[in-house]
Amino acid sequence: NAGVTQTPKFQVLKTGQSMTLQCAQDMNHNSMYWYRQDPGMGLRLIYYSASEGTTDKGEVPNGYNVSRLNKREFSLRLESAAPSQTSVYFCASRPIGGLAKNIQYFGAGTRLSVL
Amino acid sequence: DAKTTQPNSMESNEEEPVHLPCNHSTISGTDYIHWYRQLPSQGPEYVIHGLTSNVNNRMASLAIAEDRKSSTLILHRATLRDAAVYYCILLMDSSYKLIFGSGTRLLVRP
């Protein structure tokens with residue numbers, strides 16, 4: 001079972017460069033989420049997509065854009081990377097029905113350094 | 001969103017029970033109590049959740065105070081693999097957005 005797959009696992013960028021973090025889930029979940037985690041802190045929500053075709057801002061959306069490409073894929077784009085965006089990024093998905101409707105399933109993360 | 005308060009760290013011996021406390025004095029009637037844990041260098045994983053009654057699953061037990069202002073995650077026999085940061089999170093049924101605090105770092109001594 002692949003679950004939630006994130007690519008790449010590691011990335012180093014220079015200030016001002018752009019990149020897209022990819023996330024795909026194979027569990028037929030409707031909702032997907034992007035979080036960032038800075039050292040020693042809990043996760044903070046960047047953007048989420050309640051269903052295919054919809055996206056909404058979370059707690060820390062500035063400097064990011066997202067695309068819900070289809071039901072499986074939810075990408076996070078940094079248009080002009082800044083050192084403050086150095087973090088570990090996690091993608092998650094959630095079913096909207098059934099006994100597991102309140103449970104989020106997380107990927108392994110992308111570790112991003114911006115120099 | 002209602003806040004939770006957890007100790008920064010706790011220690012336990014291997015194969016002993018562990019009780020991880022969480023205070024949530026401003027919890028509302030529709031807030032579910034969720035626990036996630038994060039093993040080193042991994043994404044968070046769901047542990048257990050409940051609303052009013054105590055809950056058990058294969059990973060842990062969740063004891064909820066009668067007034068719901070506090071709860072305790074119980075690991076019945078800690079193993080080295082249980083060393084992780086444990087997050088107590090309140091989740092409105094209609095919100096589905098997890099608000100993470102800084103959690104409790106559990107150290108398990110062999």
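Everything numeric here is computed off the predicted structure, so don't read it as measured data.

**Observations regarding the sheet that holds strand β3 (residues 31–38) of chain B**
All names here are of chain B.
Then, in step 1: What the five strands build is an open sheet, ordered β1-β9-β8-β3-β4; its pairing is mixed. Two strands lie at the open edges of the sheet, namely β1 (9–13) and β4 (45–50), each paired on one side alone. Strand-to-strand twist across the sheet, computed as the mean angle between neighbouring axes with direction ignored, equals 25°.

**What to know about the interface of chain B and chain A**
Then, in step 1: Contacts between the two partners involve 19 residues from chain B, matched on the other side by 18 residues from chain A.
Then, in step 2: In total, chain B and chain A occlude about 1600 Å² of area from one another, counting both sides; carbon and sulfur atoms represent 54% of this.
Then, in step 3: Scanning the region where chain B abuts chain A turns up four residue pairs in polar contact (both at pLDDT 80 or more).
Then, in step 4: Mapped by element, the contributors of at least two residues to the side of chain B that touches chain A are β3, β4 and β8 (84–92) of chain B.
Then, in step 5: No other element matches the four residues that β3 of chain B contributes to the side of chain B that touches chain A.

**Notes on the state of the cysteines**
Then, in step 1: Overall, the coordinates contain two disulfides over all chains when judged by the stated rule.
Then, in step 2: Here Cys-23 of chain A engages in a disulfide with Cys-91 of chain A; their sulfurs sit 1.9 Å apart. Since a negative S-S torsion denotes a left-handed disulfide, the Cys-23 of chain A-Cys-91 of chain A link at about -75° is left-handed. Placement of the pair is Cys-23 of chain A in strand β3 (residues 19–25) and Cys-91 of chain A in strand β9 (residues 87–94), with a sequence separation of 68 residues. There is no split in this pair, since Cys-23 of chain A and Cys-91 of chain A are both buried.
Then, in step 3: Between the sulfur of Cys-22 of chain B and that of Cys-88 of chain B lies a disulfide, 2.1 Å long from S to S. Linking Cys-22 of chain B and Cys-88 of chain B, the disulfide has an S-S dihedral of approximately -85° and is accordingly described as left-handed. Note that Cys-22 of chain B is positioned in strand β2 (residues 18–23) and Cys-88 of chain B in strand β8, a separation of 66 residues in sequence.

Rules used in this analysis
Residues numbered from 1 in each chain as written. Chains lettered and ligands numbered in written order. Predicted model: local features only at pLDDT ≥ 70, side-chain atom pairs only at ≥ 80, totals over all residues. Heavy atoms only, no water. Pairing = 2+ DSSP bridges. Helix = DSSP H or I, 4+ residues; strand = E, 2+ residues; numbered from the N terminus. Axes fitted to C-alpha atoms, helices over the stretch in contact; angles between N-to-C directions. Contact = heavy atoms within 4.5 Å. Buried area = accessible area lost by both parts, 1.4 Å probe. Polar contact = N/O pair within 3.5 Å; in protein donor to acceptor, adjacent residues only side chain to side chain. Disulfide = S-S within 2.5 Å. Buried < 20%, exposed > 50% of the residue type's maximum accessible area, 1.4 Å probe, protein only.

The values are spatial; any link to function lies outside them.
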